[in-house]
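Descriptive analysis of the structure
Take a look at the letters that make up each chain.
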Amino acid sequence: MSGSGAKYLFLAGLLLACIIPSCLYAQGNLLLTPQRVVFEGNKRIEELNLANIGKDTARYLISLFNLRMKEDGNFEEIIEPDTGQRFADKWVRFFPHSVILGPGESQTVKIQLIKPSGMEPGEYRSHIYFRAIPEQPPLGEKEKKQDTAISVRLIPIFGISVPLIIRVGVSNTQTSLSDLSLDNGKDAPPILNVVFHRTGNTSVYGDLSVYFTPVQGKTILVGTIRGIAVYTPNTLRRFRMQLENIGNINYHSGKLHVVYAIPPSDHKSTTIAEAELVLH
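Here is a short report on the structure shown in this document.

1. Some details on the overall build of the protein
Counting its regular elements, the protein contains 0 helices and 20 strands. Among the 280 residues that make up the protein, the fraction classed as buried is 40%. A separation threshold of at least 6 residues defines the contact pool for the protein, and within that pool the share at least 24 residues apart is 69%. Counting only carbon and sulfur atoms, one obtains 53% of the accessible surface of the protein, whose full area is about 16,100 Å².

Below is the structure:
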């Protein structure tokens with residue numbers, strides 16, 4: 001530090017790693033599709049499409065890592081699998097391992113399944129992580145001196161990840177919904193609480209839709225959340241969802257019909273589980 005009293009606090013590693021379901025999955029200036037990679041049946045090759053939607057050239061490092069889903073749907077990184085969990089990272093290879101994208105440019109990442117005949121039936125899961133590398137100042141370029149006592153510079157390192165899943169054998173998974181309740185405070189939006197239950201050898205993934213039926217009148221859609229997963233080996237997931245308050249809906253009477261269904265983009269919309277809540 002210089003004698004003028006100027007100090008620089010450099011904060012690196014401000015990591016924003018997101019696992020957010022959407023049709024087009026974006027974080028920072030990186031657009032990524034599809035939002036999940038699933039190998040099943042005879043599929044051996046998959047592709048992920050990356051696009052730089054920003055105004056600057058960006059570099060991304062690509063890697064595989066493993067996550068545990070907690071009951072509230074959040075994730076934490078793990079090294080060893082939990083009981084009943086299998087990692088997919090050693091059964092795949094991908095290319096390239098890094099990309100540089102100019103503004104508006106796109107790149108395809110190819111993922112190949114290496115599937116020995118000895119793989120046990122069930123599901124294997126890891127996550128593909130795309131980490132943005134911040135632009136560094138040219139060598140020899142000096143920081144401008146400042147007279148202020150402290151200067152704080154934040155360098156965000158954006159990241160985005162998608163699940164990579166291998167399924168071997170026939171799925172015997174079943175799903176149900178329970179413990180429906182509604183938080184309906186006077187000065188707060190209505191919040192639906194629901195618990196997902198999963199049994200079997202594969203994860204589940206679908207859209208959650210909530211319909212309100214008044215005592216008298218027509219049924220209306222009051223909320224949809226796309227891309228909700230319950231990953232193996234988890235047997236339940238607790239979920240909270242804000243409902244719309246269209247036309248002064250009276251959430252103290254009538255009923256809610258909650259439907260968990262396979263997204264239409266994967267198959268024809270197929271109901272996985274459903275439940276009802278009578279309102280009082």
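2. A short note on the side chain of Glu123
Position of Glu123 among the secondary structure elements: in strand 12 (residues 122-133). Residue Glu123 is classed as buried on the basis of its relative accessible area of 1%. Polar contacts involving the side chain of Glu123 include one to the side chain of Arg167, which spans 2.9 Å.

3. Section: the pairing of strand 3 (residues 30-33)
Side chains Leu30 and Leu32 project from strand 3 onto a buried face, and the interleaved Leu31 and Thr33 project onto a face without burial. In the sheet, strand 3 pairs with strand 5 (residues 45-52) via 4 bridges, with the strands oriented antiparallel. Looking across to strand 5, one finds that Leu31 is bridged to Ala51.

4. Digging into the environment of Ile246
Mapped onto the elements, Ile246 comes out in the loop between strand 18 (236-242) and strand 19 (255-262). Placed 25 residues apart in sequence, Ile246 and Leu221 show a C-alpha to C-alpha distance of 9.5 Å.

5. Some details on the pairing of strand 15 (residues 191-199)
Burial of strand 15 is extensive: 7 of the 9 residues sit out of reach of the surface. With 8 bridges joining them, strand 14 (residues 174-183) and strand 15 adopt antiparallel strand pairing. Residue pairing across strands places Thr175 opposite Arg198, the latter belonging to strand 15. Examined bridge by bridge, strand 15 and strand 18 share 7 bridges and lie antiparallel to one another. Among the inter-strand pairings, Phe196 is bridged to a residue of strand 18, identified as Arg237.

6. A few points about the pattern of salt bridges
Side-chain pairs of opposite charge can arise whenever the charged atoms involved come near each other. Applying the stated rule across the entire model yields 10 salt bridges. Put simply, Arg167 and Glu40 hold a salt bridge, and the shortest N to O gap is 3.9 Å. Linking Arg167 in strand 13 (residues 150-168) with Glu40 in the loop between strand 4 (37-39) and strand 5, this pair joins segments that are 127 residues apart in sequence. Residue classification places Arg167 among the buried residues on the basis of a relative accessible area of 18%. Between Arg68 and Glu76 there is a salt bridge, and its shortest N-O distance comes to 2.6 Å. According to the relative accessible area criterion, Glu76 is partly exposed, its value standing at 29%. Three or more residues are tied together by salt bridges with common partners; here these are Glu40, Glu123 and Arg167.

7. Topic: unusual backbone geometry
The omega angle of the peptide bond from Thr33 to Pro34 is 0 degrees, so this bond is cis rather than trans. Following the sequence through the fold, Pro34 ends up in the loop between strand 3 and strand 4. Cis geometry marks the peptide bond from Thr232 to Pro233, where omega comes out at 5 degrees. Positive phi, normally seen in glycine, also occurs at Asp179, with a value near 55 degrees. Mapped onto the elements of the fold, Asp179 is located in strand 14. According to the relative accessible area criterion, Asp179 is exposed, its value standing at 53%.

Calculation criteria
Residues numbered from 1 in each chain as written. Predicted model: local features only at pLDDT ≥ 70, side-chain atom pairs only at ≥ 80, totals over all residues. Heavy atoms only, no water. Helix = DSSP H or I, 4+ residues; strand = E, 2+ residues; numbered from the N terminus. Buried < 20%, exposed > 50% of the residue type's maximum accessible area, 1.4 Å probe, protein only. Contact = heavy atoms within 4.5 Å. Areas by Shrake-Rupley, 256 points an atom, 1.4 Å probe, with all protein chains shown as cover. Polar contact = N/O pair within 3.5 Å; in protein donor to acceptor, adjacent residues only side chain to side chain. Pairing = 2+ DSSP bridges. Salt bridge = Lys/Arg side-chain N within 4 Å of Asp/Glu carboxyl O.

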